[in-house]
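# Notes for the structure review
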2 protein chains.
Amino acid sequence: MDVTITGVDVHDVRFPTAASGDGSDAINRGDYSATYVQLTTDAGPAGAGFTFTNGRGNELTCAAVRALAHHVVGRTVAQIAAEPVAFWRSLVADEQLRWLGPEKGVIHMATGALVNAVWDLRATLAGKPLWRYLADLPTDDLVASVDFRHISDALTPDDAATILDKGLVGRDQRLADLERDGFPAYTTSVGWLGYPDDRVRELTRAAYDAGWRAVKMKVGGPLADDLRRARLIRAEIGPDALLMMDANQVWDVDEAITAMTALAEVDPYWIEEPTHADDILGHARIARAVAELTGGRCRVATGEVAANRVVFKQLLQAEAIGVMQVDACRVGGVDEVLAELLLAAKFGVPVCPHAGGVGLCEYVQHLAIFDYLRVGTSLDGRMVEYVDHLHEHFVDPVRIRDGRYLLPERPGYSATMRPESIARFRFPDGPAWR
Amino acid sequence: MDVTITGVDVHDVRFPTAASGDGSDAINRGDYSATYVQLTTDAGPAGAGFTFTNGRGNELTCAAVRALAHHVVGRTVAQIAAEPVAFWRSLVADEQLRWLGPEKGVIHMATGALVNAVWDLRATLAGKPLWRYLADLPTDDLVASVDFRHISDALTPDDAATILDKGLVGRDQRLADLERDGFPAYTTSVGWLGYPDDRVRELTRAAYDAGWRAVKMKVGGPLADDLRRARLIRAEIGPDALLMMDANQVWDVDEAITAMTALAEVDPYWIEEPTHADDILGHARIARAVAELTGGRCRVATGEVAANRVVFKQLLQAEAIGVMQVDACRVGGVDEVLAELLLAAKFGVPVCPHAGGVGLCEYVQHLAIFDYLRVGTSLDGRMVEYVDHLHEHFVDPVRIRDGRYLLPERPGYSATMRPESIARFRFPDGPAWR
């Protein structure tokens, strides 16, 4: 029986994290927030999705959801599943709203919230967690979900089908491995710029004791401070654990190369967002320099604010990244992430999704698991970011054991927030903000 | 005497142009709109600025102006002029709002409206049209207005100073030439996709008779239709006039090359937006192909939705464009346009600003004139777009004679709308919309 989407509700939910320094880095100091979307239907089950924002301005993505909602309301799930690209383009190629992007920023993040809510609904109706729903879809249905417009010079429908068919081989064994061990992860909770050295040392030690063997620190402050903190963390985790660094775009291209020349001393595994997120050619230059500095040990990573699949396409074409950090809701939802996973597989670059914020860990675990089962088919160099914040607000929070994500089991995309959290943190009228 | 900015008013002004097919192209069919900003001051003179949008969603850029306004209110004009980059960064690097871009889409367009309003105020207080105010600024003041962050690998403050100092030589003669002849222009009013062939023929003939020797048509429909219309226009304007084409991003990279292989027959002067605006590497491939197809006669042009100076930097570094089409309010206002004009000069690429819409012609004439006087210092390959729509709503509308812009004479940035137009077209409560 088909289900009609009868309404879109959107809530401006903000958590007051800025005051504590959680999530602070070289350029952000945020009140982690969600533009939270609930789809109502004529058949009971509802869909939930959100896009993550950094506090102020969450009202803009909420308003953008309202501006786009008429493309969603009145459709049936069967219609959307039958013509996914037509549905997706109704959102991203609206003949008036497209001007506000195109396919980037506020309008595209709102698209992501809506599209993800539709996938949550689809998986919920199928009675499967999203990762399993996607992994069970026939190759043709997955290929039909990808808009190849503007990426066909790098990835064709035939390329996609070949990758996804190949992903059927050995899938059950890979699933059994994940069910036994969980999915590899790393933690970003140890080294926010807002934390003093003692806290960084204490958190690093606690993380190591909890089983983490890959940790990420923020850089981009004064270089001497970055180096001191990096040495401190390296001393705690020993020479074998992985230490990643994240500059959050603060450097110019030449500054990034200079900084990494010094920071190479602590054997970083990757440098994330070394310069402006739009600078594909700059990332390529930094990647070449860093590879030379470290004998190929350190790679460039980016993606959390890469605007769309066209940007990812070029990062891969230019050999600018050795790690692709897709985000679940910066881009236009599951359909576009699917394009990005396929591009990464085509170019042989591992995907390590961006998480943290609010609800991003809940989202991206599904994407990484699906990627392993059907697209990338390897755990080599694959890790999902983990930040230990705000999971308590979700109905189906992530579960971590020994530094690995356990497979989500409930139907849907793990995007549903607890009603009491929405009520308490709704901005500006929830009790937490009054 | 210093002037304090005491308030920011924003109006959602929309003109119902979609119904007539004006402004229709391969992907847009818009109700030309303005997110119109008025700065109030404690000293009488006010500043006006706007960003252009395509109708639906104009409420989002209006809301973004409100979200950013606290960075503007309470400042004095002298403070801003003394530390322009600090002011600009308060808008584009807000530690929470930046996440919604960064420096792109809704939030950046709103920044453009506010920053332009400040420049309108500055020029008004100085009693000069903006082009003259800018052209008279000392090199040091102009250099100090540019945020070199993320472009220093392509343009340094020393580079900028060298270009601007060189621009002082011969400036008076160039100004005398412009005062006599006006600034070269081309018209885009002849070939919107929404117009039937007869109307295209009639408009082309009228344009030619009015002195236009450079016209632009929209392409990106069925190739046979594009070619038929192109032949029709070429037949009307003869072999010597320039015919430009604009695909508004509808093609994939390989489609663009295929289409231009056919359209080369009519000797196009440029192909504008041949593919997705974010595709720097794609534009570079198309540029190489088109140059080869036409023996270097046809070039690639883009810019009207290029998100920011980092994108323009790369388009130039990659030799992807032979014409740079800066937009006055897509990017973060005059300060960022200044960076883009300097980048174009550094790389030797002519600037032909994007106009049309509502008020864009009024804005960009100032930029092109300043560019000629102090930066690019040549008219070779320089033209300002002209579309004959909606000028009647401005207090200081453009003046065209024999296909050229006459120099604006009133103080300010020509951005002030007539109060009766704002009242009539205010959305949704103005009489035009009720």
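What this report covers is the structure whose coordinates are included nearby. (Residues numbered from 1 in each chain as written. Chains lettered and ligands numbered in written order. Predicted model: local features only at pLDDT ≥ 70, side-chain atom pairs only at ≥ 80, totals over all residues. Heavy atoms only, no water.)

### Things to note about the interface of chain A and chain B
- Contacts between chain A and chain B engage 65 residues on the former and 65 residues on the latter.
- Roughly 5400 Å² is buried in total at the junction of chain A and chain B, and carbon and sulfur atoms are behind 53% of that figure.
- When the buried area of chain A at its contact with chain B is split by residue, A:Arg56, A:Gln96 and A:Trp99 rank highest and sum to 18% of it.
- Here chain A and chain B share six salt bridges between them.
- A salt bridge links A:Lys104 to B:Asp278, with the nearest nitrogen and oxygen atoms 2.8 Å apart.
- Applying the counting rule to chain A against chain B returns 34 residue pairs in polar contact (both at pLDDT 80 or more).
- Secondary structure elements with two or more residues in the side of chain A that touches chain B: β3 (47-53), α1 (58-68), α4 (105-126), α11 (253-263), α12 (280-293) and α13 (309-317) of chain A. (Contact = heavy atoms within 4.5 Å. Buried area = accessible area lost by both parts, 1.4 Å probe. Salt bridge = Lys/Arg side-chain N within 4 Å of Asp/Glu carboxyl O. Polar contact = N/O pair within 3.5 Å; in protein donor to acceptor, adjacent residues only side chain to side chain. Helix = DSSP H or I, 4+ residues; strand = E, 2+ residues; numbered from the N terminus.)

### Some words on the sheet that holds strand β3 (residues 47-53) of chain B
All names here are of chain B.
- Taken in spatial order, the three strands line up as β1-β2-β3 in an open sheet, and their pairing is antiparallel. The open sheet is flanked by β1 (5-14) and β3, the only strands paired with a single partner. Taking the axes of each pair of neighbouring strands and ignoring which way they run, one obtains an average angle of 20° across the sheet.
- The sheet contact formed by strand β2 (residues 33-41) and β3 spans seven bridges and is antiparallel. Paired with Thr35 across the strands is Thr51, a residue of β3.
- Contacting β1, β2 and β3, helix α1 (residues 58-68) runs over the sheet at an angle of about 175° to β1. (Pairing = 2+ DSSP bridges. Axes fitted to C-alpha atoms, helices over the stretch in contact; angles between N-to-C directions.)

### Some points on the pattern of salt bridges
- Applying the stated criterion to the full structure yields 58 salt bridges over all chains.
- A salt bridge links B:Asp197 to B:Arg228, with the shortest nitrogen-to-oxygen separation between them at 2.7 Å. Taken together, the positions of B:Asp197 in helix α9 (residues 197-209) and B:Arg228 in helix α10 (residues 223-237) put the pair 31 residues apart, joining distant regions of the chain.
- Residue B:Asp197 is classed as partly exposed on the basis of its relative accessible area, which comes to 21%.
- We classify B:Arg228 as partly exposed; its relative accessible area is 38%.
- Taking the shortest distance from any N to any O, the salt bridge between B:Glu265 and B:Arg231 comes out at 2.6 Å. Here B:Arg231 lies in helix α10 and B:Glu265 lies in the loop between α11 (253-263) and β7 (270-272), a separation of 34 residues in the sequence.
- For B:Arg231, a relative accessible area of 42% translates into the label partly exposed.
- Beyond isolated ion pairs, a larger network of salt bridges with shared partners links A:Lys216, A:Lys218, A:Asp246, A:Glu272 and A:Glu385. (Buried < 20%, exposed > 50% of the residue type's maximum accessible area, 1.4 Å probe, protein only.)

### Some details on the side chain of B:Glu340
All names here are of chain B.
- When you line up the elements, Glu340 lands in helix α14 (residues 334-347).
- Of the polar contacts made by the side chain of Glu340, one reaches the backbone nitrogen of Arg309; its length is 3.4 Å.
- In this structure Glu340 touches Asn308, Arg309, Phe312, Met324, Val326 and Val331, once residues within four positions along its chain are discounted.

### A few points about the nonpolar core
- Ranked by size, the top nonpolar core spans 307 residues in total, and within it A:Leu39, A:Trp251, A:Ile271, B:Leu39, B:Trp251 and B:Ile271 carry the most contacts.
- In contact with B:Ile271, other than residues within four places in its own chain, are B:Val219, B:Met245, B:Asp246, B:Ala247, B:Trp251, B:Met260, B:Val290, B:Cys298, B:Arg299, B:Val300 and B:Ala301. (Core = buried A, V, L, I, M, F, W, Y, C linked by side-chain atoms within 4.5 Å.)

### Some points on the environment of B:Asn28
Residue and element names in this part refer to chain B.
- Turning to its location among the elements, Asn28 is positioned in the loop between β1 and β2.
- When its relative accessible area of 7% is taken as the criterion, Asn28 is described as buried.
- With 405 residues separating them along the chain, Asn28 and Trp433 place their C-alpha atoms 21 Å apart.

### Topic: the environment of A:Gly221
Residues and elements named next belong to chain A.
- Here Gly221 is to be found in the loop between β5 (214-218) and α10 (223-237).
- For Gly221, a relative accessible area of 27% puts it in the partly exposed group.
- A sequence separation of 30 residues divides Gly221 from Trp251, and the C-alpha atoms of the two residues are 9.8 Å apart.
- Aside from chain neighbours lying at most four places away, what touches Gly221 is Leu193 and Asp226.

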